[in-house]
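Okay, here's what each chain looks like letter by letter:
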Amino acid sequence: MNPDPVEAPRKLSEAEIEALLVRPSVWKRRDVQRSLLIATLSTVVLGALIAYVLSESTGWDAVRRSFLSWHHFQEAMPRVWDGFKLNIKIFLIAEPIVLVVGLLLALARLSRNPVLFPIRAFAVFFIDVFRGAPALLVILMLGFGVPGLRIEGLPREPVFWGTVAIILTSSAYTAETFRAGIESIHPGQRAAARSLGLSNVRAQLHVVLPQAIRNVIPPLLSGFVALQKETSLVSAIGPLEATRQAQIYAGTTFNFTSYLAAALLFAAVTVPLARLTDHLLVRSGKSRASGGAV
Amino acid sequence: MTTSKLRFDAVYKAYDRNLVLRGVSLDVQEHEVVCLIGGSGSGKSTLLRCANLLEEINAGQIYLNGESIIAPGVHADRIRQRIGLVFQSYNLFPHMSVLKNITFAQQIVLRRSRSEAERRAFELLERFGLSDKARAFPDHLSGGQQQRVAVVRAMALDPEVLLLDEITSALDPVMVGEVLNVIRELKTLGMTMILATHHMGFARHIADRIAFLEGGEIIEIGPPAQLFDAPHDPRTKEFLDRVLASE
């Protein structure tokens, strides 16, 4: 017998709906296991392939001796670590100053009051100069130039001037980050604050800046990573930071494993920072675009 | 003659070379509700923004209680506090809870203590059925709730006049009802209000007078019955025919 062609579509029972709601998670778990297995297999296969090709190639032994010597790694690490403490110190001193100077520069650049024109002009000039010039150039100029002036009362230590140079260049970048953040806030927010009788400064302080800063935390953290790496440039004017220590070790032993040691130390700081940035970006992306499967 | 609460005297406003207000004059009496109707770009919003001093006018005068609010030396921030403005897009502060949205300007502008500001906030939230939302953040509220909070935020500063700029235009019909109830409530409290609105039915019901704007001018102004049922100017009639046909 043919089924009745006008039979109404059958609705699901409560139990069937319940099953429908449960099943996806089981599916998902199976899916996850499957993709994990595939990912592991493909990684192992590719890794084995690379290892085989490397060990068969003629230069591999030389590479291993020069860059991956465990003996030299152990020898160099204490000295490089000693130098790296200076990198951390420069970073810790410079970063807070960079954040404050960067924010002030951004605010100066965005000021619209005609009385503040000279300050705005200065901010534009400062940002153009220090964003345009290579950091190494500024470090060399200040690090060798200023102590050479022999002005009474000015510090002579290269570390001091190297740090100042890094602060100047990073502040210029950070100012642009803050500026983008402030400009991303809808003008309606400022209008609403002003309409309540808040002064321009109060509106900026209580309404615009808190939102702007929250929006630029990921790029600011990227700036942290860049600054941490830039501290190695200070080696150009003498201070014995990690890169310089690694260079000295390599220069005396003709083995380059010390550079690897320095690279690992930098990575130990910058990689977690970068991961934190990713995490924050994902989170802010989620809170902004809730919903949608694609 | 008594002084009017808010008075516009031949107000002109241009953006660059584009003249948006062409000599608008309007008297609003205390406790009066005036609705501004007219198409997009007729100057309704601009007029309200000028009264709140968010825009500078090019010529004319605006008086609050008979005193110019644009004379040199007038403290613009004080005027803005006395003339509240609610926006079409709510503009709540997303990084603050509902309560903080309502209290923080009170504390800064009126120098109220925190407890005083919160007492005022809860009093208003309760009146408008929002007291359970005090700790929520704006993102978690519906559009209608956000707009009601925006009205409460403006009212918390005890303004003498409240300007409402198409505050229902971004809302779906159910939420429009919620917000219009709030305005009705404000009218019974005796609030002096100017509303720019597209809801002709509501304007007829709530307004003491209706002003029809076109091309930056008030073409006609009068009580709802007269303006809606027996408009004098052919432009008013044409506008109403167009709008009412679509309602």
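Just so it is clear, the model here is predicted, and its values are computed rather than measured.

**A few points about the overall build of chain B**
And then number 1: Looking only at helices and strands, chain B features nine helices and ten strands.
And then number 2: Here the C-alpha radius of gyration of chain B, 18 Å, is about what a compact globule of 247 residues would show, namely 18 Å.
And then number 3: If you line up chain B on its principal axes, its C-alpha atoms span 55 × 45 × 40 Å.
And then number 4: Split into buried and exposed, the 247 residues of chain B put 55% on the buried side.
And then number 5: Considering only contacts in chain B between residues 6 or more positions apart, those separated by 24 or more positions represent 65%.

**With respect to the sheet that holds strand E5 (residues 67-68) of chain B**
Pairing between the strands of a sheet is mediated by backbone hydrogen bonds and can be parallel or antiparallel.
All names here are of chain B.
And then number 1: Reading across the sheet, the four strands line up as E2-E1-E4-E5 and stay open at both edges, with antiparallel pairing between neighbours. Strand pairing shows two members of the sheet lacking a second neighbour, strand E2 (18-28) and E5, which therefore form its edges.
And then number 2: Where strand E4 (residues 59-64) and E5 come together, two bridges link them in antiparallel fashion. Looking at E5, one finds that Tyr-63 is bridged to Ser-68.

**Notes on the confidence of the model for chain A**
And then number 1: Per-residue confidence for chain A gives a mean pLDDT of 87; residues scoring 70 or more make up 93%.
And then number 2: pLDDT under 50 marks residues 288-294 of chain A. Its contacts with residues more than four places away, or in other chains, come to one contact.

**Let's talk about the state of the cysteines**
And then number 1: With the rule as written, the count across this model stands at zero disulfides over all chains.
And then number 2: This cysteine, B:Cys35, is not joined by any disulfide, and B:Cys50 carries the nearest cysteine sulfur, 19 Å off.

**What about the interface of chain B and chain A?**
Reports of interface size often rely on the accessible area that becomes lost once the parts have come together.
And then number 1: Chain B puts 21 residues into the contact, and the matching count from chain A is 17 residues.
And then number 2: With both chains or domains summed, chain B and chain A bury close to 1,600 Å², and 66% of this area falls on carbon and sulfur atoms.
And then number 3: Looking only at chain B, the three residues that lose the most surface to chain A are B:Phe93, B:His95 and B:Ile108, adding up to 32% of its buried area.
And then number 4: Linking chain B to chain A there are one salt bridge.
And then number 5: Between A:Arg194 and B:Asp77 there is a salt bridge, and its shortest N-O distance comes to 3.3 Å.
And then number 6: Taken together, the connections running from chain B to chain A amount to five residue pairs in polar contact (both at pLDDT 80 or more).
And then number 7: Elements with a minimum of two residues in the side of chain B that touches chain A: helix H2 (76-82), strand E6 (83-86), helix H3 (98-109) and helix H5 (143-155) of chain B.
And then number 8: Here the side of chain B that touches chain A gets four residues from one element, more than from any other, and that element is H3(B).

**Focus on the pairing of E6(B)**
Residues and elements named next belong to chain B.
And then number 1: Taking every second residue as pointing to the same face, both faces of E6 are buried, with Ile-83 and Leu-85 on one and Gly-84 and Val-86 on the other.
And then number 2: Note: E6 against strand E7 (residues 161-165), four bridges, orientation parallel. The residue of E7 that forms the bridge with Ile-83 is Val-161.

**Brief notes about the side chain of A:Glu241**
All names here are of chain A.
And then number 1: By secondary structure assignment, the location of Glu-241 is in the loop between helix H9 (217-230) and helix H10 (242-253).
And then number 2: Here Glu-241 is buried and forms no salt bridge, its nearest opposite-charge partner Arg-244 lying at an N-O distance of 6.7 Å.
And then number 3: Within the local environment of Glu-241, its side chain forms a polar contact with the side chain of Asn-87, the two groups lying 3.0 Å apart.
And then number 4: Within the structure, the side chain of Glu-241 is placed 2.8 Å from the backbone nitrogen of Arg-244, a separation counted as a polar contact.
And then number 5: Once residues within four sequence positions are removed from consideration, Glu-241 is found in contact with Gly-83, Leu-86, Asn-87, Thr-231, Ser-232, Ser-235 and Phe-266.

**Considerations on the layout of surface pockets**
Empty space among the atoms becomes visible once a probe the size of a water molecule is rolled across them.
And then number 1: Within this model, the largest pocket holds a volume of roughly 1,300 Å³.
And then number 2: Surrounding the largest pocket, 39 residues form its lining, A:Arg112, A:Arg190, A:Arg194, A:Asn200 and B:Arg80 being those nearest its centre.
And then number 3: Going through the elements one at a time, helix H3 (70-110), helix H6 (158-183), helix H7 (187-195) and helix H8 (200-215) of chain A together with helix H1 (44-51) and H2 of chain B are the ones with two or more residues in the lining of the largest pocket.

**A word on empty space enclosed by the protein**
And then number 1: Taken as a whole, this structure holds two cavities of 30 Å³ or more when the rule is applied.
And then number 2: Empty space within the largest cavity amounts to approximately 60 Å³.
And then number 3: Only helix H6 (173-188) and strand E8 (192-196) of chain B provide two or more residues apiece to the lining of the largest cavity.
And then number 4: Taken as a whole, the second largest cavity spans an internal volume of roughly 40 Å³.
And then number 5: As for the second largest cavity, its lining consists of A:Ala192, A:Ser195, A:Leu196, B:Leu85, B:Val86, B:Phe87, B:Tyr90, B:Ala150 and B:Arg153.
And then number 6: Among the elements of the structure, H7 of chain A together with E6 and H5 of chain B are those that each provide at least two residues to the lining of the second largest cavity.

**Quick word on the packing of H5(B) against H6(B)**
Residues and elements named next belong to chain B.
And then number 1: Viewed as axis vectors pointing N to C, H5 and H6 meet at an angle of 20 degrees, and their least axial separation amounts to 8 Å. Accordingly, the angle class assigned to the pair H5 and H6 is roughly parallel. Remark: the crossing between H5 and H6 carries right-handed chirality. Contacts from Gly-143, Gly-144, Gln-145, Gln-147, Arg-148, Val-151 and Met-155 in H5 reach Met-175, Glu-178, Val-179, Val-182 and Leu-186 in H6.
And then number 2: Its residues assigned to classes, the contact of H5 with H6 comprises six nonpolar, four polar and two charged.

**Digging into the environment of B:Phe212**
Residue and element names in this part refer to chain B.
And then number 1: Checked against the element boundaries, Phe-212 lands in strand E9 (residues 209-214).
And then number 2: Judged by relative accessible area, which is 0%, Phe-212 ranks as buried.
And then number 3: Each C-alpha atom, one on Phe-212 and one on Lys-44, is 9.1 Å from the other, the two residues being 168 residues apart in sequence.
And then number 4: The contact partners of Phe-212, leaving out residues within four places of it in the chain, are Ile-37, Gly-38, Glu-217, Ile-218, Ile-219, Glu-220, Arg-235, Thr-236 and Phe-239.

Criteria and cut-off values
- Along each chain, the written sequence defines residue order, and numbers are assigned to residues from 1.
- Here chains are named by letter from A upward and ligands by number from 1 upward, in the order in which they appear as written.
- Only residues with pLDDT of at least 70 are given local features in this predicted model, and only at 80 or more are side-chain atom pairs given and counted; all residues enter the totals for whole chains, interfaces and linings.
- Based on all heavy atoms of the structure, the side-chain values leave hydrogens and waters out of the count.
- Numbered from the N terminus, helices here are DSSP runs of H or I no shorter than four residues, and strands are runs of E no shorter than two.
- We compute the radius of gyration over the C-alpha atoms and compare it with the globule rule, which gives 2.2 Å times the number of residues raised to the power 0.38.
- Three exposure classes are used, based on accessible area relative to the maximum for each residue type with a 1.4 Å probe and protein chains only: buried under 20%, partly exposed in between, and exposed over 50%.
- Only heavy atoms enter the contact rule, under which two residues are in contact if any of them lie within 4.5 Å.
- Any two strands with at least two DSSP-identified bridges between them are counted as paired.
- Per-residue confidence from the prediction method is given by pLDDT, with values spanning 0 to 100.
- Any cysteine sulfur atom paired with another within 2.5 Å is treated as part of a disulfide.
- Joining two parts hides part of their accessible area as seen by a 1.4 Å probe, and the buried area is that hidden amount summed over both.
- In what follows, salt bridge is the name for a side-chain nitrogen of Lys or Arg lying within 4 Å of a carboxyl oxygen of Asp or Glu.
- Identification of polar contacts relies on pairs of N or O atoms within 3.5 Å, with a donor-acceptor requirement for protein atoms, meaning one able to donate a hydrogen and the other able to accept it, and with residues adjacent in sequence counted only if both atoms are side-chain atoms.
- Under this rule, positive means Lys or Arg and negative means Asp or Glu; His and the chain ends count for nothing.
- With a 1 Å grid spanning the protein atoms alone, the term cavity applies to any set of points in which a 1.4 Å probe fits but cannot get out, the term pocket to an open set with protein on both sides within 12 Å along at least five of seven lines, and the term lining residue to any residue with an atom within 4 Å of a point.
- Grid points are joined across faces, edges and corners, and a volume is the space filled by probe spheres set on the points.
- Helix axes are fitted to C-alpha atoms over the stretch in contact, other axes to C-alpha atoms as well, and angles between N-to-C directions run from 0 to 180 degrees.
- An angle below 35 degrees is treated as roughly parallel, one above 145 as roughly antiparallel, one from 65 to 115 as roughly perpendicular, and anything else as oblique.
- Handedness of each helix crossing follows the sense of rotation of the near helix against the far helix: counterclockwise by less than a right angle gives left-handed, clockwise gives right-handed.
- Residue polarity follows a fixed list, in which Ala, Val, Leu, Ile, Met, Phe, Trp, Tyr, Cys and Pro are nonpolar, Asp, Glu, Lys and Arg are charged, and the others, Gly among them, are polar.

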